[in-house]
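# Examining the three-dimensional arrangement
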Amino acid sequence: MKKLIAGFPAQLIEALEIGAAANIRKSEKPIHKAYVAGMGGSGIGADFVASFIRDESPIPYHTGKGYDIPAWVDENTLAIASSYSGNTEETLSAFQQFQERGAKIVCLASAGKLVESAKANGLDYIQLPAGSPSPRACLGYSLVQQLWILNKLGIIGSSLLDQIRGASDFLTKHQESIQERAKQIAALIHDRVPIIYTLDRFEPVAVRMRQQFNENGKMLCWHHVIPEMNHNELVGWREEDSRLAVLFLRSSLESHRNQTRTEITKEVVGNFAGSVLEIQAKGDNLVEQSLYLVHLADWLSAYLADERGFDAIEIKVIDFLKESLARQ
Ligand code: F6R
C-alpha cells in the first residue's frame, strides 16, 4: 500500500495524459446536469470533482452511491459510471438505468462488464490502467478523468487540469514532510476513535480520510462538517471520553466566520475528547490543499495499519460480502 500511496503524485500526471488522449464525443442533446454513479474508492473522486468545479461549472454535478438513479436523469444529463473493476453491482445497475433514460454516458473502468458493455454499445469510455490491487489507490485516475470529460464537453475550462499538474509537483516536493507528519499523528491516534471535522468545502477530504482509516487502518471513524455540525452534533459533546481523538482539518481558505466557528468548536470538544489535533492544509488553491490533505490521510492510514498490526491492503470482509451477494 505504501508503494501505491507514494505513486499518487505520478498517478496524477499519468491520469492527465490518459485523459488528454481520450475520445469523448459531444452530446447531440444539450447537457443541463451531470450524475456520477460509483461506490467506495470509485465514487469518492466524483465528490472531489463536485467541490472543485463548484465556482466554475454552469451545471450541477451530483454523485450517487446506490442502485437507483434519480428521476431527473434524462437525455440532457451527462451520466458517468465509475467502477475500477467494472463489475460493481450497484454501479452496473445505475449504468443500465442511464441507458434506459438515453443519457450521455461515459464509462470509467479498468476492465469488466462496464468496459465490455461500453464497447458493445458504442458508448464513450476511458479505460484505466488495470492490475491495481486496490481501487481506492486509483483516486487520481478517476478524479482526473472526470475533469477531462467535463473539459472535453465544454463544461469547464482547463485551469483545474493545470492545478492538478501543479498539485502533483507540490506533493512530490512535500512527500517527506507529509510522511513525517502522518507518522507522528498515527502514533498519537492509533488506539483511539478518530473524529474528523472540517469545512463543508473540504468534506470530500474528510470522507476520503474516514474511508482510508476504515479500509487501510481497520478502524472505525466518523466525520462531520462545519458549519452544519454546529447545529446538531456539537450538542452531542456532553461527556468526557478519552477514547475520542478529534482531527480538525484546517485551511487558509476558511472564511473569517468559519474560522471563528472552528475555534469555538475546538474549545467545546476539547472539554470532552481525549485529544484534539489540527492538520493545516498546505497549497495555493482548493485543489492543491485538498490533494495535500488526501496524501497525508493516505500515508496516515498506512501508518495506522502498521501501528495496529494490520495489512493495509487486505479487505477480506468486502470480498466476503460481494461473494455472498453474488451467490444469492
Ligand atoms: C477497494 C475499495 C472499494 C471499492 C468498491 C467498489 O480498494 O476502495 O471501496 O472501490 O468496493 O469497487 P470498484 O471500485 O471496483 O467499483
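Our subject is the structure listed above.
Let us look at the structure shown here. All values derive from a computational prediction rather than experimental measurement.

With that out of the way, let us pick up the site of the ligand. The environment of the ligand is formed by 14 residues, the closest being S42, S83, S85, T88 and R136. The separation between an oxygen atom of the ligand and a polar main-chain atom of P135 is 3.3 Å. Here E215 contributes a side-chain N or O atom positioned 3.2 Å from an oxygen atom of the ligand. Contact with the protein chains covers 94% of the free accessible surface of the ligand, which is 400 Å². Within the shell around the ligand, the residues separate by chemical class into four nonpolar, seven polar and three charged.

Before going further, it helps to examine the pattern of salt bridges. Going through the model one piece at a time under the given rule, you end up with 15 salt bridges. A salt bridge links R201 to D55; its shortest N-O distance comes to 3.4 Å. Placement of the pair is R201 in the loop between β6 (193-199) and α8 (203-215) and D55 in the loop between α3 (44-52) and β2 (61-64), with a sequence separation of 146 residues. Here D55 falls in the exposed class, since its relative accessible area comes to 66%. Among the salt bridges present, the one from R250 reaches E254, with a minimum N-O distance of 2.8 Å.

What counts as what
Residues numbered from 1 in each chain as written. Predicted model: local features only at pLDDT ≥ 70, side-chain atom pairs only at ≥ 80, totals over all residues. Heavy atoms only, no water. Near = heavy atom within 4 Å. Polar contact = N/O pair within 3.5 Å; in protein donor to acceptor, adjacent residues only side chain to side chain. Areas by Shrake-Rupley, 256 points an atom, 1.4 Å probe, with all protein chains shown as cover. Nonpolar A, V, L, I, M, F, W, Y, C, P; charged D, E, K, R; others polar. Salt bridge = Lys/Arg side-chain N within 4 Å of Asp/Glu carboxyl O. Helix = DSSP H or I, 4+ residues; strand = E, 2+ residues; numbered from the N terminus. Buried < 20%, exposed > 50% of the residue type's maximum accessible area, 1.4 Å probe, protein only.

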